[in-house]
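Survey of secondary and tertiary structure
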Amino acid sequence: MTRRADRLVPVPSGPHTIGEAAAASGVSAKMIRHYEAMGLIPAAARTDSNYRLYANADVHRLRFIKRARLLGFSMKQIEVLLGLWADPGRSSREVKTLALAHADELEARIREMAAMRDTLLDLARNCRGDSRPDCPILADLAQPGGA
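Everything in this summary refers to the structure shown in the same document. The model shown is predicted, which means the values in this text are computed figures rather than measured ones.

**With respect to the nonpolar core**
Among the nonpolar cores identified, the biggest contains 21 residues, and I32, Y35, I41, Y54, L62, I65 and I78 are the most heavily contacted of them. Of all elements in the fold, only α1 (18-25), α2 (29-38), α3 (56-70) and α4 (75-86) reach the threshold of two or more residues within this core. Y54 has contacts with G14, P15, H16, T17, I18, A21, I32, E36, I41 and A44, leaving out every residue within four places of it along the chain.

**So, the pattern of salt bridges**
One pass over the structure, following the stated rule, counts seven salt bridges. Here D130 and R132 are joined by a salt bridge, their closest N and O atoms 2.7 Å apart. Given a relative accessible area of 37%, D130 falls into the partly exposed group. Accessibility expressed as a relative area gives 43% for R132, which makes it partly exposed.

**Structural notes on the packing of aromatic side chains**
Using the criterion set out here, one finds one aromatic pair in the structure. Considering the side-chain rings of F64 and W85, the 4.4 Å spacing of their centres and the 15° angle between planes classify their relative orientation as stacked. A residue pair is termed long-range when its members are at least 10 positions apart, and F64 in helix α3 and W85 in helix α4 qualify at 21 residues.

**Some points on α4**
With 12 residues, α4 should cover 16 Å at 1.5 Å per step; its first-to-last C-alpha distance of 16 Å lies within 8% of that length. Contacts made by the buried residues of α4 are with α2, α3 and α5 (92-125).

Parameters at a glance
Residues numbered from 1 in each chain as written. Predicted model: local features only at pLDDT ≥ 70, side-chain atom pairs only at ≥ 80, totals over all residues. Heavy atoms only, no water. Core = buried A, V, L, I, M, F, W, Y, C linked by side-chain atoms within 4.5 Å. Buried < 20%, exposed > 50% of the residue type's maximum accessible area, 1.4 Å probe, protein only. Helix = DSSP H or I, 4+ residues; strand = E, 2+ residues; numbered from the N terminus. Contact = heavy atoms within 4.5 Å. Salt bridge = Lys/Arg side-chain N within 4 Å of Asp/Glu carboxyl O. Phe/Tyr/Trp six-rings, centres within 6.5 Å; stacked < 30°, edge-to-face > 60°. Expected span 1.5 Å × (residues − 1).

In structure tokens:
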């Protein structure tokens, strides 16, 4: 079973149609096709009518990808993580190193976004917000390099 719009959706054991795989994994059918084209999931088996069929392992892999995306990992990082996940001889050191590097990237982005927020708040504080046409926000945006 999986959640769909705050309700559990029963998922029969595989093989799954793309719609069932989407419901079971929380990944849209469009993204499933995209991940398949990228090679993040193996090419689906096909019915005589050329419909895609996904195994339970594919649904589990899709859930892994979705969770990694929710944590902000890039597609390249997810590709590496999937490779590590599939390797029973992996070193957890590799996984930890990747996760910590990603956390550092997120921290840098958080600092950048906080600086953007602070700049916007400062510009908004200096804007009268009345009927006059002069606007420090627009003036700043028009400057080369801005802030």
